[in-house]
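A closer look at the structure
The residues making up each chain are set out below.
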Amino acid sequence: MQRDLIAIGGSAGSLDTLLSIAAAFPGNFTGNLFIAVHIGHGPSQLPGLLARSGGLPASHPRDREPIRPGHIYVAPPGRHLLIEKEMLRLSRGPREHFTRPAIDPLFRSAAATYGARVIGVVLSGGGSDGAAGLDTIKRAGGRTVVLDPQEAVFPDMPQAAVGIVAPDFVSLAGEIPGLLIRLARETVPAAQAAGEQTEAVAMPERPIALTCPECGGALRRKGNGGGLQYRCHIGHALGAAEMLPAQLEALEKALDVAQRILNERIELARNMIEDATAAGRTQGVGYWQKSQAEAERHIEAIRQMLSSIEADSDQMEAVSAEPAK
């Protein structure tokens, strides 16, 4: 199999190199380019720019979209782009390096799914996103390419990658397109062309410590059995039986905020539906109706969760009132 799956990460200062890479690949290229750029939540014109630069179509994928040969896929605003077997996933998972989309989830998922078939590329940008993911690609047998930090407009990302990974190639921007064309012609044994599927976006892990409901500081566990307490470094102290109601109260407050925001979103959708209907914009009506229905589903889920919290509180009071034997 060919090493024809190219995962590229960039941020500020990477646009010109991305356009040069897209322009270098011919229309008959049967591999794929997967791109994650720090674009935040605003609309992105990057797929259109890439498509006009070269012979390959480019787009923001839909969730669970099948991977089509000879296509450039760009992480959409506000979503991590993940690669699964013959399919792409979009995730609103936790921000990494203060951003979503981030580069590391793309690189990790590519390495986990396709192993040595992957070529990882880190371009200009601030911070260290992409370095750990590039290391995952290298350890999976893939090739690693980093823009020469001395040529980068923002050298932090390539410098971090060079320091962590010891990449196969540290190249000038003008050399990277041709290098990727050559690397994409390499063949890898079939046994190396598949990775071990792992969680590309980390799910919530076990907390390092519980937090104090009074001040938010970390709590230390003191004592055992009936004398067990939790104390923060300021000195707030709570028994285990006091922690649960405090946690439930904090959760209820957070859900109240979420419920308020969703209510406002529903009202905004109603206003926009009225405006779009009056103006005869049928496509706009459909969009805002979908947005309203989605918010209503979410708010119903929150109400069910709040009911569950009330039931937990009642049960907790019953357990606390139970006499000791």
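Note that the coordinates shown come from a computational prediction; the quantities given were computed from them, not determined experimentally.

**Some points on the overall build of the chain**
Counting its secondary structure elements, the chain contains eight helices and 13 strands. With the principal axes as the frame, the chain shows a C-alpha extent of 75 × 60 × 40 Å. Taking all 325 residues of the chain together, the buried fraction comes to 42%. For the chain, contacts bridging at least 24 residues in sequence account for 66% of all contacts bridging at least 6. Surface exposure of the chain reaches about 17,400 Å², of which carbon and sulfur atoms provide 52%. Averaging the locations of the 32 positively and 36 negatively charged side chains of the chain gives two centres separated by 4 Å.

**Focus on the nonpolar core**
One finds Ile 6, Ile 8, Phe 25, Ile 35, Leu 50, Ile 72 and Leu 180 to be the most contacted residues of the largest nonpolar core, which totals 28 residues. For this core, the secondary structure elements donating two or more residues are strand S1 (5-10), helix H1 (15-24), strand S2 (32-37), helix H2 (46-53), strand S5 (71-74), strand S8 (118-122), strand S9 (143-147) and helix H6 (176-183). Per-element tally for this core: the top contributor is H6, with five residues. Setting aside anything within four residues of it in sequence, one finds Leu 180 in contact with Ile 6, Ile 21, Phe 25, Ile 119, Val 121 and Val 145. Of all hydrophobic cores here, the second largest spans 27 residues; its members include Ile 67, Tyr 114, Ile 137 and Val 165.

**Some thoughts on the pairing of S1**
Most of S1 sits out of view: six of its six residues are buried. Burial along S1 is two-sided: Leu 5, Ala 7 and Gly 9 facing one way and Ile 6, Ile 8 and Gly 10 facing the other are all buried. Here six bridges tie S1 to S2, and the two strands are oriented parallel to one another. Looking across to S2, one finds that Gly 9 is bridged to Ala 36. For the handedness criterion, the β-α-β arrangement of S1, H1 and S2 is classed as right-handed.

**Re the sheet that holds S2**
Here we have seven strands laid out as an open sheet, ordered S3-S5-S2-S1-S8-S9-S10, and parallel in their pairing. Each end of this open sheet is capped by a strand with a single partner; those strands are strand S3 (58-59) and strand S10 (169-171). Bridge analysis of S3 against S5 gives two bridges, and the strand direction is parallel. Counterpart to Ala 58 in the pairing with S5 is Ile 72. Running over the sheet, H6 touches S1, S8, S9 and S10 and is turned about 175° from S9.

**A few points about the packing of aromatic side chains**
Inspection of every chain in the model, using the stated rule, returns three aromatic pairs. Ring plane angle 50° and centroid distance 4.7 Å describe the contact between Phe 25 and Phe 29, whose orientation is recorded as tilted. Judged by relative accessible area, Phe 25 falls into the buried class, the value being 1%. For Phe 29, a relative accessible area of 13% corresponds to the buried category.

**A closer look at the packing of H1 against H2**
At a minimum axis distance of 7 Å, the contact between H1 and H2 shows a crossing angle of 45°. Considering the angle they form, H1 stands oblique to H2. In this structure, the crossing between H1 and H2 has a hand that is right-handed. For the pair formed by H1 and H2, the contact residues are Leu 15, Leu 18, Leu 19, Ala 22 and Ala 23 on the first element and Leu 46, Leu 49, Leu 50 and Ser 53 on the second. Classifying every residue of the contact of H1 with H2 by side-chain character gives eight nonpolar, one polar and no charged.

**Quick notes on the pattern of salt bridges**
Per the stated rule, a full pass over the model turns up 13 salt bridges. Of the charged contacts in the structure, one is a salt bridge between Arg 143 and Glu 186, with a shortest N-O distance of 3.1 Å. Of the two residues, Arg 143 sits in strand S9 while Glu 186 sits in the loop between H6 and strand S11 (219-222), which places them 43 residues apart along the sequence. Taking the relative accessible area as the measure of exposure, Glu 186 reaches 22% and is therefore partly exposed. Lys 253 is the salt-bridge partner of Glu 249, the closest N and O atoms lying 3.6 Å from each other. With Glu 249 and Lys 253 both in helix H7 (residues 240-279), this residue pair falls four residues apart, about one helical turn. Exposure remark for Glu 249: the relative accessible area of 44% places this residue in the partly exposed category. Residues joined by salt bridges that share partners form a network here, namely Arg 3, Arg 143 and Glu 186.

Criteria and thresholds
Residues numbered from 1 in each chain as written. Predicted model: local features only at pLDDT ≥ 70, side-chain atom pairs only at ≥ 80, totals over all residues. Heavy atoms only, no water. Helix = DSSP H or I, 4+ residues; strand = E, 2+ residues; numbered from the N terminus. Buried < 20%, exposed > 50% of the residue type's maximum accessible area, 1.4 Å probe, protein only. Contact = heavy atoms within 4.5 Å. Areas by Shrake-Rupley, 256 points an atom, 1.4 Å probe, with all protein chains shown as cover. Lys, Arg positive; Asp, Glu negative; His and termini not counted. Charge placed at Lys NZ, Arg CZ, Asp CG, Glu CD. Core = buried A, V, L, I, M, F, W, Y, C linked by side-chain atoms within 4.5 Å. Pairing = 2+ DSSP bridges. Right-handed = clockwise from strand over helix to strand, strands pointing away. Axes fitted to C-alpha atoms, helices over the stretch in contact; angles between N-to-C directions. Phe/Tyr/Trp six-rings, centres within 6.5 Å; stacked < 30°, edge-to-face > 60°. Parallel < 35°, antiparallel > 145°, perpendicular 65-115°, else oblique. Left-handed = near helix turned anticlockwise from the far one by under 90°. Nonpolar A, V, L, I, M, F, W, Y, C, P; charged D, E, K, R; others polar. Salt bridge = Lys/Arg side-chain N within 4 Å of Asp/Glu carboxyl O.

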